[in-house]
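# Remarks on the overall topology
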Amino acid sequence: MQKRTIKKIGIIAASVTGGLIVLFFAAGIIIANFYGDEISKLIISEINKNLKTEIKVGKVNFSVFKHFPDASVEFQDVFAKPTKGFNRSEFKGSFRDTLFSAQSLFLQFNILDIFQERYKIKKIHVEKGRMYLLTNSRGKENYHFWESTQSTDTSKFQLCLKKITFTNVKIFYIDNLLHTDLRIHSKKFVLNGDFSSDDYSLSTTGELFADCIMIDNINYVKSSSMSVNLKMNVKNNLFEIQKGSIDVEDFFLDVTGSIKTGKKNNINLQIKGNDIDIQSFLSLLPEKFDAYKNEYQSEGEFYFEANVSGEIDSTQFVHIETKFGIKNASISKNNASLKLKNVSLTGLYSNGEKNSISTTTLLLNQLKFTVGKSKISGNFFMKNPEYPQVEIN
């Protein structure tokens, strides 16, 4: 008797659950059919009021299922031109004609907004896209395409962004004024924050693949997987990084500090790396060090603490101060019997008061190593690598 009762309860529960699922899907289909076109037209109309560039869309779909529990308007085959007035003559191909393109771009909002007829866009999800963020040699940018307008409490459309997600999006950032070229592919990268506020907390998580990070024609990161996790406070144009970690091919860095953008761009960053494998570190050095990397083999632990500060512009370099050290290392030259063992040192690097090669200094303290049966120790100092002044003791 008890078994029959339990069986009946199970059948009733399954029936209720199945009924609710059917009801849910039926409600979703009804909402999409009755409200989909109206909602899509309203959102498109409101977006066009704020655009400062031409955007073309292949197809528009409304769904309550694709990003449940949010409803969403999906724009397929999106193409946007650079903003008007941007001088594109310095760029070629897609860089010249495209601001961004995407297979799908979703605007997400609460399903209850449908019944209140007031739509607050809280999430944006971009899938399979490309973004070309350019700055020409005069400092003019191509990506300021959104003209903010003051939303009222009675407005039917509000941009209240809390989350932006990039899935399989390639980002090209080229700044001809600062001689910077970044090409990054986001497998899945997420930004969380109250983007409609002037003062908010921002966090980033996700996996990236860097094709190149080039500054002044030197490629610092080539074909490397990265994960970036940052927590920061944003107030107007000031980004204060409270806690940050960057992992480049198992090369872990801790990052804190601040970045300020505007008419003048300033940075003050502290970057730390501990217990780093020397060979892993050397593999990430710019291409101009390839000859050294191919000729020598190194093992051991490396650590450093760097401070990068100053104004970023085309006329001067930022100030760099670095403390570093090597422990339990060995260095050998390929096809040679000479090998340095038990290498240890502490060091200081600075690009000096003028932030240039002429004022750059390198100090190696407590340098110790073993060659064969001989133990060697001393200190090394160098100033101005272009015309070196060297002291050894």
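Numbers given for residues are sequential positions, taken from 1 along each chain in its written order. Only residues with pLDDT of at least 70 are given local features in this predicted model, and only at 80 or more are side-chain atom pairs given and counted; all residues enter the totals for whole chains, interfaces and linings. Calculation of side-chain values draws on the structure's entire complement of heavy atoms; hydrogens and water are dropped beforehand.

### Some words on the overall build of the protein chain
- Only DSSP runs of H or I with at least four residues qualify as helices, and only runs of E with at least two residues qualify as strands; both kinds are numbered from the N terminus onward. Of the regular secondary structure elements, the protein chain holds five helices and 17 strands.
- Residues classed as buried in the protein chain amount to 36% of the 393 residues present.
- The contact definition used throughout considers only heavy atoms, calling two residues in contact when any of these lie within 4.5 Å. Counted over contacts in the protein chain with a minimum sequence separation of 6, partners at least 24 positions apart contribute 53%.
- In this description, accessible areas are obtained by the Shrake-Rupley approach with a 1.4 Å probe, and a residue is regarded as covered only by the protein chains that are shown. As displayed, the protein chain has an accessible area near 23,800 Å², and 54% of this comes from carbon and sulfur atoms. Using a 1.4 Å probe on the protein chains alone, a residue whose accessible area is under 20% of its type maximum counts as buried, one over 50% counts as exposed, and one in between counts as partly exposed.

### Focus on the nonpolar core
- In this description, a nonpolar core means a group of buried Ala, Val, Leu, Ile, Met, Phe, Trp, Tyr and Cys residues linked to one another through side-chain atoms lying within 4.5 Å. Ranked by internal contacts, the top residues of the largest apolar core, which has 66 residues, are Ile43, Phe75, Leu105, Leu107, Phe109 and Phe304.
- With six residues, the top contributor of residues to this core is strand 8 (residues 218-235).
- In this structure, Leu105 is in contact with Val73, Glu74, Phe75, Val78, Phe100, Ile124, His125 and Val126, ignoring residues within four places of it in sequence.
- Counting residues in each nonpolar core, the second largest holds seven residues, with Phe86, Phe91, Tyr132 and Leu134 among its members.

### Considerations on the confidence of the model for the protein chain
- Per-residue confidence from the prediction method is given by pLDDT, with values spanning 0 to 100. Averaged over every residue, the pLDDT of the protein chain is 80; the share at 70 or more is 84%.
- Across residues 7-35, confidence stays below pLDDT 50; counting only partners more than four residues off in sequence or on other chains, it has 13 contacts.

### Points about unusual backbone geometry
- A positive phi angle is found at Asp77, which is not glycine, with a value near 50°.
- Overall, Asp77 belongs to the exposed group, its relative accessible area being 52%.
- Within the chain, Asn342 stands out as a residue other than glycine whose phi angle is a positive 50°.
- Asn342 sits in the exposed class, given a relative accessible area of 56%.

### Digging into the side chain of Thr359
- The residue Thr359 is located in the loop between strand 14 (339-350) and strand 15 (361-371) in this model.
- Taking the relative accessible area as the measure of exposure, Thr359 reaches 13% and is therefore buried.
- Any pair of N or O atoms that falls within 3.5 Å is considered a polar contact. Within protein, one atom must be able to donate a hydrogen and the other to accept it, and sequence-neighbouring residues count only if both atoms are side-chain atoms. For Thr359, the side chain forms a polar contact with the main-chain nitrogen of Lys354, separated by 3.5 Å.
- With residues up to four places along the chain from it excluded, the contact list for Thr359 reads Ser350, Asn351, Gly352, Glu353 and Lys354.

### Some words on the side chain of Thr165
- Inspection of the secondary structure puts Thr165 in strand 5 (residues 157-175).
- Those residues in contact with Thr165 that lie beyond four places of it in its chain are Ile124, His125, Val126, Lys188, Phe189 and Val190.

### Describing the packing of aromatic side chains
- Working definition: rings of Phe, Tyr and Trp (its six-membered ring) pair if their centres are within 6.5 Å, and the pair is stacked with planes under 30 degrees apart, edge-to-face with planes over 60 apart, and tilted otherwise. Tallying each qualifying case throughout the model produces four aromatic pairs.
- Taking the centre distance of 5.0 Å and the plane angle of 10° together, the rings of Tyr132 and Phe172 count as stacked. Of this pair, Tyr132 sits in strand 4 (residues 119-135) while Phe172 sits in strand 5, and the two are 40 residues apart along the sequence.
- Phe172 gets classed as buried once you look at its relative accessible area, which sits at 10%.

### Observations regarding the environment of Glu207
- Mapped onto the elements of the fold, Glu207 is located in strand 7 (residues 199-215).
- Accessibility expressed as a relative area gives 45% for Glu207, which makes it partly exposed.
- Along the backbone, Glu207 and Lys188 are 19 residues apart, and their C-alpha atoms lie at a distance of 5.8 Å.
- In this view, Glu207 contacts His185, Ser186, Lys187, Lys188, Met226 and Ser227; residues no more than four positions away in its chain are not counted.

### Section: the pattern of salt bridges
- What counts as a salt bridge is simple: a side-chain nitrogen of Lys or Arg found within 4 Å of a carboxyl oxygen of Asp or Glu. According to the stated counting rule, one finds four salt bridges in the structure shown.
- Its salt-bridge partner being Arg183, residue Asp181 comes within 3.0 Å of it at the nearest N-O pair.
- Here Asp181 falls in the buried class, since its relative accessible area comes to 16%.
- Taking the relative accessible area as the measure of exposure, Arg183 reaches 25% and is therefore partly exposed.
- Taking the shortest distance from any N to any O, the salt bridge between Glu301 and Lys327 comes out at 3.8 Å. With Glu301 in strand 12 (residues 296-312) and Lys327 in strand 13 (residues 319-333), the pair connects residues that are 26 residues apart, well separated along the chain.
- With relative accessibility at 32%, the residue Glu301 sits in the partly exposed group.
- Overall, Lys327 belongs to the partly exposed group, its relative accessible area being 34%.

### Observations regarding the pairing of strand 5
- Two strands form a pair only when DSSP identifies at least two bridges running between them. Here strand 4 runs beside strand 5; their pairing, made up of 15 bridges, is parallel. Residue pairing in the sheet places Ile121 in a bridge with Leu159 of strand 5.
- Examined bridge by bridge, strand 5 and strand 6 (residues 180-193) share 12 bridges and lie antiparallel to one another. Residue Phe172 lies in a different strand from strand 6, and its bridge partner there is Arg183.
- Linking strand 5 back to strand 6 in an antiparallel pair, the connection comprises four residues, with His179 at a positive phi of about 55°.

### Considerations on the environment of Asp247
- One can find Asp247 in strand 9 (residues 238-248).
- For Asp247, a relative accessible area of 17% translates into the label buried.
- Sequence separation between Asp247 and Asn229 is 18 residues; the distance between their C-alpha atoms is 8.9 Å.
- Each residue touching Asp247, except ones within four places of it in the same chain, is listed here: Ser225, Met226, Ser227 and Phe252.

### Some thoughts on the environment of Asn229
- Looking at the element boundaries, Asn229 is found in strand 8.
- The spatial distance from the C-alpha of Asn229 to the C-alpha of Ile246 is 6.5 Å, given a sequence separation of 17 residues.

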